[in-house]
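# Coordinates in review
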Amino acid sequence: MADLINLAEWQRRASIVTPRAQCFIDGKFVDAASGKTFDDISPRDGHLIAKVAEGDVEDINRAVAAARRSFEAGVWSRMAPFERKKVMLRFVDLIREHTLELALLETLDVGKPISDSINVDIASCANNLQWFAECIDKTYGELAPVPYESLAMISREPMGVVGAVVPWNYPAIITSWKIGAGLAAGNSMVLKPAEQSPLSALLLAELASQAGLPDGVLNVVPGFGPTAGAALGLHMDVDKLAFTGSGEVGRYFMRYAAESNAKSVSLELGGKSPQVVLADVGDLEAAASAVAWGVFYNAGQTCHAGTRLIVDHRIQDDLLDAVCEVAKTLWPSDPYDPAGTMGTLVDESQTQRVMGYIEAGRNEGAEVRIGGERLNVTDGGCYIAPTVFSGVNNSMTIAREEIFGPVLVSIPVDGVDEAVRVANDSPFGLAASIWSRDISTAHKAAKALRAGTVWINTFDMGSITTPFGGFKQSGTGRDRSMHSLDGYTHLKTTWLQM
Ligand code: NAI
Ligand code: MG
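Residues numbered from 1 in each chain as written. Chains lettered and ligands numbered in written order. Predicted model: local features only at pLDDT ≥ 70, side-chain atom pairs only at ≥ 80, totals over all residues. Heavy atoms only, no water.

## Quick word on the overall build of the chain
Counting secondary structure elements, the chain contains 15 helices and 24 strands. Relative to the compact-globule value of 23 Å for 498 residues, the chain shows a C-alpha radius of gyration of 23 Å, a close match. The buried share of the chain, reckoned over its 498 residues, is 58%. Sequence separation of 24 or more characterises 75% of the internal contacts of the chain that already satisfy a separation of 6 or more. (Helix = DSSP H or I, 4+ residues; strand = E, 2+ residues; numbered from the N terminus. Rg over C-alpha atoms; globule rule 2.2 N^0.38 Å. Buried < 20%, exposed > 50% of the residue type's maximum accessible area, 1.4 Å probe, protein only. Contact = heavy atoms within 4.5 Å.)

## Some details on the sheet that holds strand β24 (residues 489–497)
Taking strand neighbours across the sheet as the criterion, the three strands line up as β5-β6-β24 in an open arrangement whose pairing is antiparallel. Of all strands in the sheet, those bounded by a partner on one side alone are β5 (142–143) and β24. In this structure, strand β6 (residues 150–158) lies alongside β24, joined through nine bridges in antiparallel fashion. For E157, the partnering residue across the bridge sits in β24 and is H490. (Pairing = 2+ DSSP bridges.)

## Overview of the nonpolar core
Ranked by internal contacts, the top residues of the largest apolar core, which has 67 residues, are F91, I95, L129, L183 and L213. For this core, the two domains that each supply at least three residues are domain 1 (2–269) and domain 2 (274–463). Apart from residues no more than four positions distant in its own chain, F91 is found in contact with L129, I179, L204, L207, A208 and A211. Ranked by size, the runner-up nonpolar core spans 59 residues in total, among them A366, I411, V422 and A446. (Core = buried A, V, L, I, M, F, W, Y, C linked by side-chain atoms within 4.5 Å. Domains from an automatic or database assignment.)

## With respect to the site of ligand 1
The environment of ligand 1 is made up of 29 residues, and the closest members are W168, E195, S246, Y256 and E402. Within the contact set of ligand 1, an oxygen atom lies 2.6 Å away from a side-chain nitrogen or oxygen of S246. A distance of 2.7 Å separates an oxygen atom of ligand 1 from a polar side-chain atom of E402. Relative to its free-state accessible area of 810 Å², ligand 1 is covered by the protein chains to the extent of 90%. At the level of elements, α8 (225–234), β10 (240–244), α9 (247–259) and α12 (348–363) are the ones that each hand at least two residues to the shell around ligand 1. Here the shell around ligand 1 is built from residues that sort into 15 nonpolar, nine polar and five charged. (Near = heavy atom within 4 Å. Polar contact = N/O pair within 3.5 Å; in protein donor to acceptor, adjacent residues only side chain to side chain. Areas by Shrake-Rupley, 256 points an atom, 1.4 Å probe, with all protein chains shown as cover. Nonpolar A, V, L, I, M, F, W, Y, C, P; charged D, E, K, R; others polar.)

## Section: the packing of α8 against α9
Running from N to C, α8 and α9 cross one another at 45 degrees; their axes reach a closest spacing of 8 Å. By the angle class used here, α8 and α9 are oblique. Each of G229, A230, G233 and L234 in α8 lies in contact with α9, whose residues at this interface are F253, Y256, A257 and E259. A class-by-class count of the residues in the contact of α8 with α9 yields five nonpolar, two polar and one charged. (Axes fitted to C-alpha atoms, helices over the stretch in contact; angles between N-to-C directions. Parallel < 35°, antiparallel > 145°, perpendicular 65-115°, else oblique.)

## Quick notes on the pattern of salt bridges
Under the defined criterion, the tally for this structure stands at 26 salt bridges. For R44, the salt bridge goes to D334, with nearest N and O atoms at 2.7 Å. In this pair, R44 sits in the loop between β3 (37–41) and β4 (48–53) while D334 sits in the loop between α11 (316–328) and α12, placing the two residues 290 residues apart along the sequence. A relative accessible area of 15% places R44 in the buried class. When its relative accessible area of 9% is taken as the criterion, D334 is described as buried. Across the pair E195 and K192 runs a salt bridge, and its minimum N-O distance is 3.6 Å. For E195, a relative accessible area of 25% puts it in the partly exposed group. (Salt bridge = Lys/Arg side-chain N within 4 Å of Asp/Glu carboxyl O.)

## A closer look at unusual backbone geometry
The phi dihedral of N298 falls on the positive side, at around 60 degrees, and the residue is not glycine. Within the secondary structure layout, N298 lies in the loop between α10 (284–296) and β13 (308–312). Notably, K472 is not glycine yet its phi reads approximately 50 degrees, a positive angle. Along the chain, K472 falls in strand β22 (residues 471–472). For K472, a relative accessible area of 34% corresponds to the partly exposed category.

## Here we look at the domain arrangement of the chain
Segmenting the chain into domains produces domain 1 (2–269) and domain 2 (274–463). Taken together, the 30 residues of domain 1 in the interface contact 29 residues of domain 2. Buried area between domain 1 and domain 2, summed over both chains or domains, comes out near 2300 Å², and the portion from carbon and sulfur atoms is 57%. Applying the counting rule to domain 1 against domain 2 returns one salt bridge. The interface formed by domain 1 and domain 2 holds 13 residue pairs in polar contact (both at pLDDT 80 or more) in total. If you list the elements that add at least two residues to the side of domain 1 that touches domain 2, you get α1 (7–16), α4 (99–110) and α5 (114–135). At five residues, the largest contribution of residues to the side of domain 1 that touches domain 2 is made by α4. (Buried area = accessible area lost by both parts, 1.4 Å probe.)

What follows is the structure, given as structure tokens:
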């Protein structure tokens, strides 16, 4: 769809767009109670996209009150499942009708290539919501095997008011995971998008309302983390908080829960995912392509990005040469170029953070094989070249910390046992891959890898039908699949004695 519109036309559309920029509370767009706004800046050229309502404690209070009212009234939570499904499917239809508009907002906010925004982000957002919508009237409760004179029914009930605090790397997709499962389960919700990327969420809320979602069921409060985000985490009337973002802030949400009402918290906190390539890889070109795409897609700003290449020393040079060739095809371009494969990083501060890690890698003695520099594709833009470091050991900063930019580190190993040991030597455990032609070796390694997702002879395959989340410090709880509904429902036992 994107290639029907050329670069100049996208630039023109971007220059005239007037996004929704207020809080969406109780079915209406409203200013922040304080009247304050913050600047939403495009990472393509630093221009001001919009002044967005700066939600704070008072706005969160209003949104939670609206969510609570709608929940208690039962306008959504007690709507017949078939009817709830129809509303959500109308919402999906509206998202698909507004794909180009939503995609433009996503690219404006975070600088993703426009084709990815259309074909991946907004397409997945709609598909994910459709999948959860279709679950609504296909899930059943259970009867427990209890004594003959008893009947024990086990049912799932919505938790009540669910807060979601989401990041900027996949704004619409991560939002669809949280609101897809949360709304399908019958909750009312308050979403706080990241301050870098509030625009698609605000249009989504409007579309949901047009689709017939009752007022107060989905509220969106843009604003900053330490104010609006913390207020949601600390709120006494929020029953569950779903978070995706940094490990530091994830820990805050556990603390907020402890200091308030012991609300349930689910966390997806990123990683340092290993891509393990053994000497018997077989198709080296296929592995090189997967390794490069696995780390450079979305300019490396992906929680499960395969940032640590753990490769048998016998094939390291050949593989790295091939990875660098693929990297050259992923070079950054203007996000509005319909043929572009890499756009910008999300903002200036993230760009400087990533450049700081590249500097740290050089200082620690690692060698830059390709990239390592900031680029000026469009004036004032946040571009970093795909970067590959070799000569890395697993204790260097660039091998341990999440960089969240287009940076791959290559760590040579000798054989599968050392590969698995190095792969697991990380505080994170979100995802991993293993490349080997030997099915037993690959499968044994997959069992030994401590990660929520392990790919064999591929990387980054995924679907709404499979659970996604972390072992170790990568988080708790799961997004996607029917298992994610567990995180948005309470189990109720109803015992009837005859
Ligand atoms: P962050 O964790 O600070 O931001 C994520 C969300 O949390 C945003 O909505 C933000 O407003 C909110 N938030 C921030 N501080 C908060 C607080 N004190 N209380 C409540 N909510 C708060 O992530 P940030 O600063 O944007 O990025 C820093 C690093 O975090 C990245 O370099 C990356 O390593 C990691 N990250 C991981 C993501 C993932 O997908 N797992 C997504 C985004 C960032
Ligand atoms: Mg932060």
